[in-house]
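# Descriptive structure summary
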Amino acid sequence: MKTMHFKFSDTLKTAAWAVLGILLLVVAIACRQALELTMARHMLVQIPMLLIAGVALNRFLARLPGLRRTARYAASWDEYGLTGLAVFLLASAYWMIPKALDSAVASGMMEAGKFASLLVAGFVLPASLSRANTILQLFFLGNFASMMAIAGMLYQDTSTRLCNFYLLDDQVLAGTGLVTLAVVLPVLWCLGQASVREFFRGGQQAAPDVVKVGHP
């Protein structure tokens, strides 16, 4: 019974990853015009949706037994996760460029390239992160967060429109969102590290629960 329950649970998880990835991709395509109507929705909703869809499809395919040999072959090209993390940084950096956003809105070919590149970037991220040690993860996260912060501050401080398709107020809103993500993502990464959790847990255990005040 335990074996059957384990297999059933594993099958549900596999199906859930597949449904999530396909659903996000379908919504990103079907609602493309609405999502790209404003710069904030384009950068802060559609692009993360495509990245997460790629992550979900990776988790789905990684659970299929027949693809394990392919995964081992791919790992030989991604030692320490450097190749996959570099792909993720390059793809995400390119689609933060205002000209790239304009091109995606104006050209169907560039739009297709955006979808494909962001899906691939999200797809390679989980395996690459699992191969990278903490120092490499921190280096990658620092680069990614600083890139978002710089782009966000540029969008906020520039008094002229950087994108032909988007208004200045929307540009400022997108910049604020990028700066916020640049702060939130490192915090979430730190909270997800076991060593950090143990540090705070140890500090709580060392501190007395109740301070007793003596009376004369």
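Everything that follows concerns the structure shown earlier in this document.
For the structure given in this document, a descriptive report is provided here. If you're wondering where the values come from, they're calculated on a predicted model, not measured in any experiment. Within any chain, residue numbers begin from 1 and follow the written order of that chain's sequence. Totals for whole chains, interfaces and linings use all residues, but because this is a predicted model, local features are given only for residues with pLDDT of at least 70 and pairs of side-chain atoms are given and counted only at 80 or more. Calculated side-chain values reflect all of the structure's heavy atoms, with hydrogen atoms and water omitted.

### Observations concerning the environment of Ile52
We count a stretch as a helix when DSSP gives it H or I for four or more residues in a row; a strand needs E for two or more, and each element gets its number in order from the N terminus. Here Ile52 lies in helix H3 (residues 39-62). Remark: exposure states derive from per-residue accessible area (1.4 Å probe, protein chains only) relative to the maximum for the residue type, with buried under 20%, exposed over 50%, and partly exposed in between. Among the residues examined, Ile52 registers a relative accessible area of 44% and is labelled partly exposed. Separated by 67 residues in the primary sequence, Ile52 and Leu119 place their C-alpha atoms 8.0 Å from one another.

### A short note on the environment of Gly81
Looking at the element boundaries, Gly81 is found in the loop between helix H4 (68-76) and helix H5 (82-94). Judged by its relative accessible area of 0%, Gly81 falls in the buried class. Remark: the alpha-carbon pair of Gly81 and Ser128, spanning 47 residues in sequence, is separated by 3.9 Å. Contact criterion: two residues are considered in contact whenever any of their non-hydrogen atoms come within 4.5 Å of each other. Filtering out sequence-adjacent residues up to four positions away, Gly81 remains in contact with Ser128, Arg131 and Ala132.

### Description of the pattern of salt bridges
Between side chains of opposite charge, a pair can form as their charged atoms come close. A carboxyl oxygen of Asp or Glu within 4 Å of a side-chain nitrogen of Lys or Arg is what we treat as a salt bridge. Enumeration over the complete set of coordinates arrives at 5 salt bridges. For the salt bridge of Lys114 with Glu36, the shortest nitrogen-to-oxygen distance reads 2.8 Å. Of the two residues, Lys114 is situated in helix H7 (residues 108-131) and Glu36 in the loop between helix H2 (32-35) and H3; the sequence distance between them amounts to 78 residues. Grouping residues by exposure puts Lys114 and Glu36 together as buried. Ionic contacts of the salt-bridge type, sharing partners, join the residues Arg32, Glu36, Glu111 and Lys114 into one network.

### Details of the nonpolar core
What is meant by a nonpolar core is a set of buried Ala, Val, Leu, Ile, Met, Phe, Trp, Tyr and Cys residues, joined one to another through side-chain atoms within 4.5 Å. Counting 35 residues, the largest nonpolar core has Met39, Met43 and Phe88 as its most contacted members. Of all the elements in the fold, those that place two or more residues in this core are helix H1 (2-30), H3, H5, helix H6 (98-106), H7, helix H8 (134-157) and helix H9 (168-192). Element by element, the count of residues in this core is highest for H3, at 7 residues. Beyond its immediate chain neighbours, meaning those up to four positions away, Phe88 contacts Leu51, Ala121, Gly122, Leu125, Phe140 and Phe144.

### Considerations on the side chain of Asn58
Residue placement: Asn58 occurs in helix H3. Not counting residues within four places of it along the chain, the set of residues in contact with Asn58 comprises Phe123 and Pro126.

### Observations concerning the packing of H3 against H6
Angular values range over 0 to 180 degrees, each being the angle between N-to-C directions of two axes fitted as lines to C-alpha atoms, with helices fitted over their stretch in contact. Relative orientation of the contacting elements H3 and H6 amounts to 85°, with a least axis distance of 12 Å. One way to sum up the angle between H3 and H6 is to call them roughly perpendicular. Residues Met39, His42, Met43 and Ile47 of H3 pack against Leu101, Ala104 and Val105 of H6. When grouped by side-chain class, the residues that make up the contact of H3 with H6 number 6 nonpolar, 1 polar and no charged. When an angle is under 35 degrees it counts as roughly parallel; over 145 it counts as roughly antiparallel; between 65 and 115 it counts as roughly perpendicular; any other value is oblique. Three classes are used: nonpolar for Ala, Val, Leu, Ile, Met, Phe, Trp, Tyr, Cys and Pro, charged for Asp, Glu, Lys and Arg, and polar for all others, with Gly counted as polar.

### Comments concerning the packing of H5 against H8
Describing two packed helices takes the angle between their axes plus the distance from one axis to the other. H8 packs onto H5 with a crossing angle of 5° between their chain directions and a minimal axis gap of 11 Å. Of the possible angle classes, the one that applies to H5 and H8 is roughly parallel. Contacts from Leu82, Leu85, Phe88, Leu89, Ser92 and Ala93 in H5 reach Leu136, Phe140, Asn143, Phe144 and Met147 in H8. By residue class, the composition of the contact of H5 with H8 is 9 nonpolar, 2 polar and no charged.

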